[in-house]
Amino acid sequence: MSQRQSKTGVPHLVYQAKTGFQYYLTFPKHFAANPKLPAQIRWALSHDEALARDLAKYLNASFEQFLAKATEHYVELFSDRLLVDLQRFHLAVAEALKFADRVWKVRPSPMKLANQDLSVADARMMKESAERVVLYSHEPGGEIFFALTPTPALVKALGVGFVRFDWPLGTCNHNVASDAARYIYAALDVLETVPPSPGRYSKESPAFAAMTLYEYLCHARPDQGRNLMHIPPALPQSRQALHFHLQQANAMHLKLRIIDRALLVQEGSGLYVMLIELDPLCMKAHLREKKSFRVELLTSSIIIAVLMLTYTLQKVDKVLLRYFQEDDHGFYPISTDTFE
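These figures come from a predicted structure and were not determined experimentally.

Undergrad: So what exactly am I meant to see when it comes to the pairing of strand β6 (residues 144–148) here?
TA: Side chains on a regular strand alternate between the two faces of the sheet. With five of its five residues buried, β6 lies for the most part within the structure. Burial along β6 is two-sided: the residues Ile-144, Phe-146 and Leu-148 and Phe-145 and Ala-147 are all buried. Relative to β6, strand β5 (residues 135–137) is paired through three bridges, and the arrangement is antiparallel. Bridging from a neighbouring strand, Ser-137 pairs with Ile-144 of β6. Remark: six residues form the turn of the hairpin made by β5 and β6, two consecutive strands paired antiparallel; Gly-141 in that turn has positive phi of roughly 80°. Both β6 and strand β7 (residues 165–168) contribute to a ladder of four bridges, which runs antiparallel.

Undergrad: Looking at this structure, I do not really get the packing of helix α6 (residues 119–131) against helix α8 (residues 174–193). What am I missing?
TA: The interhelical angle for the contact between α6 and α8, taken along N-to-C directions, is 105°, at an axis separation of 8 Å. Judged by the angle between their axes, α6 and α8 are roughly perpendicular. Touching Ala-121, Asp-122, Arg-124, Met-125 and Glu-128 of α6 are Ser-178, Ala-181, Arg-182, Tyr-185, Ala-186, Leu-188, Asp-189 and Glu-192, all from α8. Here the residues of the contact of α6 with α8 are counted per class, giving six nonpolar, one polar and six charged.

Undergrad: Looking at this structure, how should I read the environment of Ala-249?
TA: Locating Ala-249 in the fold gives a position in the loop between α10 (239–248) and β8 (259–266). On the basis of relative accessibility, which here comes to 34%, the residue Ala-249 falls in the partly exposed class. Here the alpha-carbon distance between Ala-249 and Thr-312, two residues 63 residues apart in the chain, equals 9.9 Å.

Undergrad: What am I meant to see in the sheet that holds β8 here?
TA: Where strands meet in a sheet, backbone hydrogen bonds hold them as pairs that are either parallel or antiparallel. Judged by pairing direction, the sheet is antiparallel, and its three strands sit side by side in the order β8-β9-β10 without closing on themselves. Strands with a single pairing partner mark the edges of an open sheet, and in this sheet they are β8 and β10 (292–296). Strand-to-strand twist across the sheet, computed as the mean angle between neighbouring axes with direction ignored, equals 20°. Taken together, the five bridges between strand β9 (residues 272–278) and β10 define a ladder with antiparallel strand orientation. Bridging from a neighbouring strand, Met-274 pairs with Val-295 of β10.

Undergrad: Please explain the sheet that holds β6 as it appears in this structure.
TA: Across the sheet, which stays open at both edges, the three strands sit in the order β5-β6-β7 with antiparallel pairing between neighbours. Both outer strands of the open sheet, β5 and β7, are each paired with one neighbouring strand and no more. Across the sheet, the axes of successive neighbouring strands diverge by a mean angle of 35°, strand direction being ignored. Relative to the sheet, α8 contacts β5 and β6, its axis offset from that of β6 by approximately 25°.

Reading guide: rules and limits
- Residues numbered from 1 in each chain as written.
- Predicted model: local features only at pLDDT ≥ 70, side-chain atom pairs only at ≥ 80, totals over all residues.
- Heavy atoms only, no water.
- Buried < 20%, exposed > 50% of the residue type's maximum accessible area, 1.4 Å probe, protein only.
- Helix = DSSP H or I, 4+ residues; strand = E, 2+ residues; numbered from the N terminus.
- Pairing = 2+ DSSP bridges.
- Axes fitted to C-alpha atoms, helices over the stretch in contact; angles between N-to-C directions.
- Parallel < 35°, antiparallel > 145°, perpendicular 65-115°, else oblique.
- Contact = heavy atoms within 4.5 Å.
- Nonpolar A, V, L, I, M, F, W, Y, C, P; charged D, E, K, R; others polar.

Have a look at this one:
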């Protein structure tokens with residue numbers, strides 16, 4: 001393995017500046033004795049680190065099962081079956097990369113946006129700065145934050161009724177922070193005016209819009225978000241990784257059976273709650289009355305709140321459906337603790 005490759009912390013995932021991330025795996029020696037099978041594989045996984053890590057984890061889990069059955073005897077008898085498995089793994093990677101390559105076709109990528117004319121964004125920043133506080137710090141000389149107050153168009157794009165989102169800019173320098181704010185206003189204009197692609201993920205547009213906002217906000221920082229752990233590790237870390245991540249979590253297409261309506265709302269405390277209304281027709285006859293639930297998400301991040309809704313709503317629906325179709329609820333009172 002070349003010394004120019006850097007360690008990534010994920011087994012079999014390597015990186016080179018020129019080629020990006022690659023998955024590199026050498027098979028056991030008895031594979032080399034079979035002319036139908038490769039002795040090793042080296043598959044490209046793109047330049048997007050978040051997507052590459054998710055794909056590598058998927059491949060590691062897949063190859064763990066693959067190698068567990070691929071004994072010397074099995075390889076000798078069933079090499080064709082192993083080839084089919086290899087083709088299936090490679091196809092999953094190829095489809096994820098193909099989709100990821102399209103995610104910045106409609107909206108400009110963070111890098112392209114930075115190279116565009118920001119004069120309109122500068123005018124908007126000056127106007128909003130005259131009306132309210134846009135940049136602030138908690139203490140003199142401390143890190144500067146951008147106070148995002150949404151427009152109706154941004155609320156519509158994200159599908160959430162929120163009132164404010166404060167973003168750390170990773171700098172104490174006011175000039176650097178002003179440049180970052182100018183870039184963020186350009187990003188907001190893109191989110192507010194450029195429609196999402198009418199492709200396969202149109203139903204998931206709030207999640208994609210949230211990840212778009214996240215990547216723009218990260219790019220506004222001097223470190224481009226590398227030193228910021230904003231999104232929990234269990235959730236997707238980039239817009240390019242979102243589609244594959246949703247597929248792996250079986251959250252691509254929400255099929256709700258008892259939840260009639262679910263809304264995200266930011267409360268006065270800044271934290272988000274999920275307000276859920278149930279369909280009485282999906283309950284036992286003696287329980288058919290309008291029921292609603294409130295689930296506290298314990299986050300003040302619009303990005304995390306949208307992702308949490310996307311990834312948990314179907315699971316919450318299953319819990320509620322099971323509960324309200326049971327005959328006896330006397331010993332099993334339901335509460336928001338059920339969903340934690």
